[in-house]
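What follows is the residue order along each chain.
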Amino acid sequence: MPELVFFSGTMDCGKSTLALQIEHNRSARGLTGMIFTRNDRAGEGKLSSRLGLVTDAVEVEDDTDLYAYLVDHLSQGGRADYVIADEAQFLTPEQIDQLARVVDDLELDVYAFGITTDFRSKLFPGSQRLVELADRVEVLQVEALCWCGARATHNARTIGGVMVVEGAQVVVGDVNQSADEVGYEVLCRRHHRRRMTAATARAAALSPDVLPVAPA
Ligand SMILES: Nc1ncnc2c1ncn2[C@@H]1O[C@H](COP(=O)(O)OP(=O)(O)O)[C@@H](O)[C@H]1O
Ligand SMILES: Cc1cn([C@H]2C[C@H](O)[C@@H](COP(=O)(O)O)O2)c(=O)[nH]c1=O
């Protein structure tokens, strides 16, 4: 049975790499994938991984109907044996419904990859719909780590290494940005709640103890 699978995880945990591996393994066996993406850091119409691999993809816009796009493609003699959707958190809930219809009506496997929550630890609308509709939600096995060594479960947005909690939900960016740039850092829940990034933890460790000393 074809499936809608949501591969989720934090930023930088290998989602795009896995998408490219799935594409590679299937195309090596003569299958043809339809690859969708939105707002990849490598630019429009690209699916890229930090390992340096990149492939062409169809750039999805707000008004793209993914089901209609595939029906058009197939009816014009194009081929699609499976579908990959990277950066799926940026898809609209309607587009996730269209992907579910691709599975059910066109009988194609759909592999969607994305982060579940934003920098405020709120669900992206597209990811919420994927959790609601997917046949399976798979958490990636290669865990990204918080600076403290614990498994990273949350995405922080940073400016100059300091975590921010205000701003637009969508700001394309990367981890390990240099100071003053808007960037991202993956953290465990404890340090996300305390807004402690690697930079602020380092600064706190270097500063003198300012806590009042309780009388004996
Ligand atoms: N120089 C490197 N050597 C080995 N692995 C790397 C290197 N740079 C990145 N990676 C791996 O690539 C992962 C990020 O892959 P990517 O597919 O870009 O992540 P995602 O799509 O989840 O943001 C990192 O978690 C790490 O495992
Ligand atoms: C947390 C968060 C992330 N983003 C953006 C930043 C990146 O461009 C992508 C995630 O890409 P990755 O391949 O998973 O690293 O999402 C955002 O727009 N808003 C956020 O809150």
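Per chain, residue numbering runs from 1 following the sequence as it is written. Starting at A for chains and at 1 for ligands, labels are handed out in the order in which the entities are written. Local features in this predicted model are restricted to residues whose pLDDT is 70 or higher, and side-chain atom pairs enter the listing and the counts only when it is 80 or higher, whereas totals over whole chains, interfaces and linings include all residues. Side-chain figures throughout are based on the complete set of non-hydrogen atoms in the structure, without hydrogens or water.

The name that an unreviewed UniProt entry assigns to the protein chain is Thymidine kinase, with the source organism given as Streptomyces glaucus. UniProt's Catalytic activity (unreviewed entry) comment on the protein chain is quoted here verbatim: "thymidine + ATP = dTMP + ADP + H(+)". UniProt positions are given in the numbering used here, feature names are shortened, and annotations may be inferred rather than shown by experiment.

### Quick notes on the sheet that holds strand β1 (residues 4-8)
The strand order across the open sheet formed by six strands is β5-β2-β6-β7-β1-β8, and the pairing between neighbours is parallel. Every other strand in the sheet has two partners, leaving β5 (58-59) and β8 (136-139) as the edge strands with one partner each. At least two DSSP bridges between two strands are required for those strands to pair. The way it works is that DSSP assigns letters per residue, a run of H or I at least four long becomes a helix, a run of E at least two long becomes a strand, and they are numbered from the N terminus. By the bridge criterion, two bridges tie strand β2 (residues 33-37) to β5 in an arrangement that is parallel. Note on β5: the bridge partner recorded for Phe36 is Val58. Against the sheet, helix α4 (residues 125-133) touches β1, β7 (109-114) and β8, its axis set at about 130 degrees to β1. It only takes one pair of heavy atoms within 4.5 Å for two residues to be counted as in contact. Only C-alpha atoms enter the line fits that serve as axes; for helices the fit covers just the stretch in contact. Angles between N-to-C directions range over 0 to 180 degrees.

### A closer look at the site of ligand 1
Proximity criterion: a residue is near a molecule or strand once any of its heavy atoms comes within 4 Å of it. Neighbouring ligand 1 are the residues Met11, Asp12, Cys13, Gly14, Lys15, Ser16, Thr17, Ser49, Arg50 and Leu51. Side-chain atoms alone can form a polar contact between residues adjacent in sequence; in general such a contact is a pair of N or O atoms within 3.5 Å, and within protein one must be able to donate a hydrogen while the other accepts it. Within the backbone of Asp12, a nitrogen or oxygen atom sits 2.5 Å from an oxygen atom of ligand 1. Between ligand 1 and Lys15 there is a distance of 2.8 Å, counted from an oxygen atom to a side-chain nitrogen or oxygen. Partitioning the shell around ligand 1 into residue classes produces three nonpolar, four polar and three charged. In this classification, Asp, Glu, Lys and Arg are treated as charged, Ala, Val, Leu, Ile, Met, Phe, Trp, Tyr, Cys and Pro as nonpolar, and every other residue, Gly included, as polar.

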